[in-house]
Amino acid sequence: MEQKIINILNRKISYIDNGSGELGTIIFIHGNSFSSQTFSKQFNSSLFEGYRLLALDLYGHGDSEKLLNPFGYHLPQYAKLVVEFMKELGLSNVIIAGH
(Lines give C-alpha, C1' and ligand atoms only; values in the text may rest on other atoms or scores of the structure.)
Protein backbone atom coordinates (compact mmCIF):
# COMPACT_ATOMS: atom_id res chain seq x y z
CA MET A 1 0.00 0.00 0.00
CA GLU A 2 1.55 3.24 -1.16
CA GLN A 3 0.36 6.76 -0.41
CA LYS A 4 0.39 9.06 -3.43
CA ILE A 5 -0.57 12.62 -4.31
CA ILE A 6 -2.33 13.70 -7.50
CA ASN A 7 -3.43 17.18 -8.63
CA ILE A 8 -7.14 17.30 -9.45
CA LEU A 9 -9.01 20.51 -10.21
CA ASN A 10 -6.09 22.55 -8.82
CA ARG A 11 -6.07 20.78 -5.44
CA LYS A 12 -3.65 18.16 -4.12
CA ILE A 13 -5.52 14.92 -3.48
CA SER A 14 -4.01 12.14 -1.43
CA TYR A 15 -4.81 8.49 -2.07
CA ILE A 16 -3.52 5.03 -1.29
CA ASP A 17 -2.91 2.42 -3.96
CA ASN A 18 -1.95 -1.22 -3.66
CA GLY A 19 -0.53 -1.23 -7.18
CA SER A 20 -2.34 -3.56 -9.52
CA GLY A 21 -4.82 -6.37 -9.77
CA GLU A 22 -5.89 -8.63 -12.59
CA LEU A 23 -9.46 -9.03 -11.26
CA GLY A 24 -10.37 -5.35 -11.48
CA THR A 25 -10.23 -2.13 -9.50
CA ILE A 26 -12.10 -1.13 -6.34
CA ILE A 27 -12.24 2.51 -5.26
CA PHE A 28 -13.06 3.08 -1.59
CA ILE A 29 -14.65 6.40 -0.61
CA HIS A 30 -14.74 7.36 3.07
CA GLY A 31 -17.54 9.10 4.93
CA ASN A 32 -17.59 12.55 6.52
CA SER A 33 -14.73 13.29 8.94
CA PHE A 34 -12.84 10.11 7.94
CA SER A 35 -9.98 9.45 5.50
CA SER A 36 -8.56 6.79 3.20
CA GLN A 37 -7.03 5.15 6.28
CA THR A 38 -10.56 3.99 7.16
CA PHE A 39 -9.98 1.16 4.68
CA SER A 40 -6.60 -0.11 5.94
CA LYS A 41 -8.12 -3.47 6.94
CA GLN A 42 -9.47 -3.98 3.42
CA PHE A 43 -6.03 -3.24 1.98
CA ASN A 44 -4.56 -5.93 4.26
CA SER A 45 -7.30 -8.52 3.73
CA SER A 46 -6.84 -11.66 1.65
CA LEU A 47 -10.47 -11.23 0.49
CA PHE A 48 -9.29 -8.56 -1.96
CA GLU A 49 -6.27 -10.41 -3.39
CA GLY A 50 -6.17 -9.92 -7.15
CA TYR A 51 -7.85 -6.51 -7.06
CA ARG A 52 -6.28 -3.10 -7.42
CA LEU A 53 -7.44 -1.16 -4.37
CA LEU A 54 -7.60 2.63 -4.27
CA ALA A 55 -8.84 4.90 -1.50
CA LEU A 56 -8.78 8.66 -1.84
CA ASP A 57 -8.96 11.41 0.75
CA LEU A 58 -11.83 13.71 -0.19
CA TYR A 59 -11.26 17.47 -0.12
CA GLY A 60 -10.27 18.65 3.36
CA HIS A 61 -9.87 15.11 4.70
CA GLY A 62 -6.73 13.11 5.44
CA ASP A 63 -3.80 14.58 3.52
CA SER A 64 -5.88 16.20 0.75
CA GLU A 65 -6.06 19.97 0.38
CA LYS A 66 -9.06 21.91 1.54
CA LEU A 67 -11.31 23.73 -0.88
CA LEU A 68 -10.95 27.51 -1.07
CA ASN A 69 -14.74 27.87 -1.05
CA PRO A 70 -16.11 26.57 2.28
CA PHE A 71 -19.51 26.10 0.61
CA GLY A 72 -18.06 23.59 -1.89
CA TYR A 73 -18.28 20.61 0.46
CA HIS A 74 -21.32 18.84 -0.94
CA LEU A 75 -22.07 15.57 -2.71
CA PRO A 76 -22.05 16.89 -6.31
CA GLN A 77 -18.55 18.35 -5.72
CA TYR A 78 -17.32 15.05 -4.23
CA ALA A 79 -18.84 13.14 -7.18
CA LYS A 80 -16.97 15.45 -9.57
CA LEU A 81 -13.75 14.73 -7.66
CA VAL A 82 -14.23 10.96 -8.00
CA VAL A 83 -14.95 11.25 -11.74
CA GLU A 84 -11.84 13.41 -12.27
CA PHE A 85 -9.79 11.01 -10.13
CA MET A 86 -10.85 8.13 -12.38
CA LYS A 87 -10.01 10.15 -15.52
CA GLU A 88 -6.56 11.13 -14.21
CA LEU A 89 -5.72 7.48 -13.45
CA GLY A 90 -7.26 6.22 -16.72
CA LEU A 91 -9.81 4.06 -14.90
CA SER A 92 -13.10 2.74 -16.19
CA ASN A 93 -15.33 -0.16 -15.24
CA VAL A 94 -14.49 0.03 -11.53
CA ILE A 95 -16.29 -1.05 -8.37
CA ILE A 96 -16.98 1.83 -6.01
CA ALA A 97 -17.41 1.11 -2.32
CA GLY A 98 -18.57 3.89 -0.03
CA HIS A 99 -18.74 4.29 3.73
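Structure first, text after, so check above.
The structure reproduced in this document is the subject of the present report. (Residues numbered from 1 in each chain as written. Predicted model: local features only at pLDDT ≥ 70, side-chain atom pairs only at ≥ 80, totals over all residues. Heavy atoms only, no water.)

**A look at the overall build of the chain**
Helix and strand content of the chain: two helices and five strands. Its helices and strands in sequence order give the chain the pattern β-β-β-α-β-α-β, from N to C terminus. Rg of the C-alpha trace for the chain: 13 Å, near the compact-globule value of 13 Å for 99 residues, within the 12% margin. For the C-alpha atoms alone, the extent of the chain along its principal axes is close to 40 × 25 × 20 Å. Here the analysis covers contacts within the chain between residues at least 6 apart in sequence; of these, 65% occur between residues at least 24 apart. Here the chain displays about 5900 Å² of accessible surface, and carbon together with sulfur accounts for 51% of that area. For the chain, the distance from the average site of its 8 positive side-chain charges to the average site of its 9 negative ones is 7 Å. (Helix = DSSP H or I, 4+ residues; strand = E, 2+ residues; numbered from the N terminus. Rg over C-alpha atoms; globule rule 2.2 N^0.38 Å. Contact = heavy atoms within 4.5 Å. Areas by Shrake-Rupley, 256 points an atom, 1.4 Å probe, with all protein chains shown as cover. Lys, Arg positive; Asp, Glu negative; His and termini not counted. Charge placed at Lys NZ, Arg CZ, Asp CG, Glu CD.)

**Here's the deal with the layout of surface pockets**
One number sums up the size of the largest pocket: a volume of about 150 Å³. In terms of lining residues, the largest pocket is bounded by Ile29, His30, Gly31, Asn32, Leu58, His61, Leu75, Tyr78, Ala79 and Val82. Residue contributions to the lining of the largest pocket peak at four residues, all from helix α2 (residues 75-88). Classifying every residue of the lining of the largest pocket by side-chain character gives six nonpolar, four polar and no charged. (1 Å grid on protein atoms, 1.4 Å probe; cavity = no way out; pocket = protein on both sides within 12 Å on 5 of 7 lines; lining within 4 Å. Points joined across faces, edges and corners; volume = space filled by probe spheres on them. Nonpolar A, V, L, I, M, F, W, Y, C, P; charged D, E, K, R; others polar.)

**Some points on the nonpolar core**
Ile13, Ile27, Leu56, Leu81 and Phe85 are the most contacted members of the largest nonpolar core, which has 18 residues in total. Mapped by element, the contributors of at least two residues to this core are β1 (2-8), β2 (11-17), β3 (24-29), β4 (51-56) and α2. The residues contacting Ile27, other than those within four sequence positions of it, are Leu54, Leu56, Phe85, Met86, Leu91, Val94, Ile95, Ile96 and Ala97. (Core = buried A, V, L, I, M, F, W, Y, C linked by side-chain atoms within 4.5 Å. Buried < 20%, exposed > 50% of the residue type's maximum accessible area, 1.4 Å probe, protein only.)

**Notes on the side chain of Ser36**
Structurally, the position occupied by Ser36 is in the loop between β3 and α1 (40-43). Residue contacts for Ser36: discarding those within four places in its chain leaves Ile16, His30, Ala55, Leu56 and Asp57.

**Section: the sheet that holds strand β5 (residues 95-98)**
Here five strands make up an open sheet; going across it, the order is β1-β2-β4-β3-β5 and the pairing mixed. If you trace the sheet from one side to the other, it starts and ends with β1 and β5, each paired once. Each strand axis lies, on average, 30 degrees off the axis of its neighbour in the sheet, ignoring direction. The sheet contact formed by β1 and β2 spans seven bridges and is antiparallel. Bridge assignment links Glu2 to a residue of β2, and that residue is Asp17. Together, β1, β2, β3, β4 and β5 form the strand contacts of α2, whose direction differs from that of β1 by roughly 105 degrees. (Pairing = 2+ DSSP bridges. Axes fitted to C-alpha atoms, helices over the stretch in contact; angles between N-to-C directions.)

**Some points on the packing of aromatic side chains**
Following the criterion strictly, the structure yields six aromatic pairs and no others. Ring geometry for Tyr59 versus Tyr78: centroids 6.5 Å apart, planes at 25 degrees, classification stacked. With Tyr59 in the loop between β4 and α2 and Tyr78 in helix α2, this residue pair connects regions lying 19 residues apart in the sequence. Both residues of the pair, Tyr59 and Tyr78, belong to the buried class. (Phe/Tyr/Trp six-rings, centres within 6.5 Å; stacked < 30°, edge-to-face > 60°.)

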